[in-house]
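What follows is each chain in one-letter form.
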Amino acid sequence: MIDRPARRRVRRASAPAGPPRTAADLPGAVLTGGGHTAEVLESPTLAGQQAPGTATAPADGRPRPSLDLLIWDAPNIDMTLSTVIGARPTAETRPRFDAIAAWFVEGAGDPDAPDAPEVEACVFANIPPVVGSLQRWVEALRSFGFAVFARPKLQPDDDIDQDMLDHIAVRSHSHRLRRLVVFSGDGRNFAEPLEELVREGTQVVVVAFSEVAGYAISSDLLEFIDIEDVPGAFAAPLDRVRLDALPPDGAWLRPTRGLREFVSSFTARRNG
């Protein structure tokens, strides 16, 4: 059995302020903390105010609305997209968030049903010092209904993995987390907490590229969907051949780097 590398130290759960409406919006609720992130909610018992589609927390009797939550690990998806197509992503090869939003909301069921869950989609992004076109990208995401948690990337090892886990923890506290859809191939940080959520009764779906999502594919608890199988996720088929969907007669997999280019860099490293 291969030991997984230890995850980063877990800090107190926090989450981006914003949708969906939580217990903090109800009369008498108390929200601790401030600034750009909202701490875990503490709210009084709301006797007799349970609405359709909510569940009662066993510990304090507080009604919790059900929630379908989407978490998008932008650095991981961007990096793994580069890996599977062997090139830097372009506007034509990047995922279409409008189609992904439609697919996610459709999976939540009839919004007029008595037990319809709230829906929330969040994109987590590291923002480099030179923002470039990211401002337009963030604004486009927000116009599609996605909340965006943006953290400045000041050091090479700055990441947002723990922020995503924190937000999942916050929503698990404030809501009955019915369905969690995680777009990430990062098994080192996500495998254990996501499997634990399944054991607690949440449907967890991992969406990533099959080439890099072995943790989800091999799990007995997690559901897996290749991101290219989400309807309309890409404007055109990606230049990749999936080993889990090879044609019966086989397929040629072209090199992603020139042979002479590789040998030249290999020789330089060996002699350096």
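Everything numeric in this text was worked out from a predicted model, so none of it was measured.

Parameters at a glance
Residues numbered from 1 in each chain as written. Predicted model: local features only at pLDDT ≥ 70, side-chain atom pairs only at ≥ 80, totals over all residues. Heavy atoms only, no water. Core = buried A, V, L, I, M, F, W, Y, C linked by side-chain atoms within 4.5 Å. Buried < 20%, exposed > 50% of the residue type's maximum accessible area, 1.4 Å probe, protein only. Helix = DSSP H or I, 4+ residues; strand = E, 2+ residues; numbered from the N terminus. Contact = heavy atoms within 4.5 Å. Polar contact = N/O pair within 3.5 Å; in protein donor to acceptor, adjacent residues only side chain to side chain. Patch = residues over 30% accessible without salt bridge, like charges linked within 9 Å, V, L, I, M, F, W, Y side chains within 5 Å. Areas by Shrake-Rupley, 256 points an atom, 1.4 Å probe, with all protein chains shown as cover. Salt bridge = Lys/Arg side-chain N within 4 Å of Asp/Glu carboxyl O. Phe/Tyr/Trp six-rings, centres within 6.5 Å; stacked < 30°, edge-to-face > 60°. pLDDT = per-residue confidence, 0-100. 1 Å grid on protein atoms, 1.4 Å probe; cavity = no way out; pocket = protein on both sides within 12 Å on 5 of 7 lines; lining within 4 Å. Points joined across faces, edges and corners; volume = space filled by probe spheres on them. Nonpolar A, V, L, I, M, F, W, Y, C, P; charged D, E, K, R; others polar.

Here we come to the nonpolar core. The biggest cluster of nonpolar side chains holds 28 residues, and the ones touching the most others in it are L70, W72, F146, F183, V207 and I227. Of all the secondary-structure elements, those providing two or more residues to this core are strand 4 (63–73), helix 1 (74–85), helix 2 (97–107), strand 5 (118–127), strand 7 (176–183) and strand 8 (203–208). Residues in contact with I227, not counting those within four places in the same chain, are W72, I77, P95, F183, V207, A208, F209, A233 and F234. Core analysis: the second largest hydrophobic core is formed by 24 residues, C122, L180, F190 and L197 among them.

Relative to the assigned elements, H175 resides in the loop between helix 4 (161–174) and strand 7. When the C-alpha positions of H175 and L67 are compared, they lie 6.2 Å apart, and in sequence the two are 108 residues distant. At a separation of 3.4 Å, a polar atom in the side chain of H175 contacts the side chain of E118. In this structure the side chain of H175 is engaged in a polar contact, spanning 2.7 Å, whose partner is the side chain of S174.

Take a nonpolar patch on the surface next. Residues L259, F262, V263 and F266 make up a contiguous nonpolar surface patch of about 380 Å² in total accessible area. By secondary structure assignment, the location of L259 is in helix 7 (residues 259–271). Exposure remark for L259: the relative accessible area of 68% places this residue in the exposed category.

Our next topic: the packing of aromatic side chains. Tallied over the entire structure, the rule returns eight aromatic pairs. Members of the aromatic cluster, joined through ring pairs, are W72, F97, W103, W137, F146 and F183.

This prediction gives the protein a mean pLDDT of 80; 77% of its residues lie at or above 70. For the stretch residues 1–5, pLDDT sits under 50, and the model shows four contacts to residues farther than four places along the chain or on other chains. Note on residues 7–13: pLDDT under 50 across the span, and 22 contacts to partners over four residues away in sequence or across chains.

Once that is clear, we can look at the layout of surface pockets. Of the voids in this model, the largest pocket is the one considered here, and its volume is about 1,000 Å³. Together, 32 residues line the largest pocket, and A74, D78, R94, L134 and W137 are the ones closest to its centre. For the lining of the largest pocket, the secondary-structure elements that each account for two or more residues are strand 4, helix 1, strand 5 and helix 3 (134–143). When residues in the lining of the largest pocket are grouped by element, the largest group, seven residues, is from helix 1. Of the residues belonging to the lining of the largest pocket, the class tally is 19 nonpolar, four polar and nine charged.

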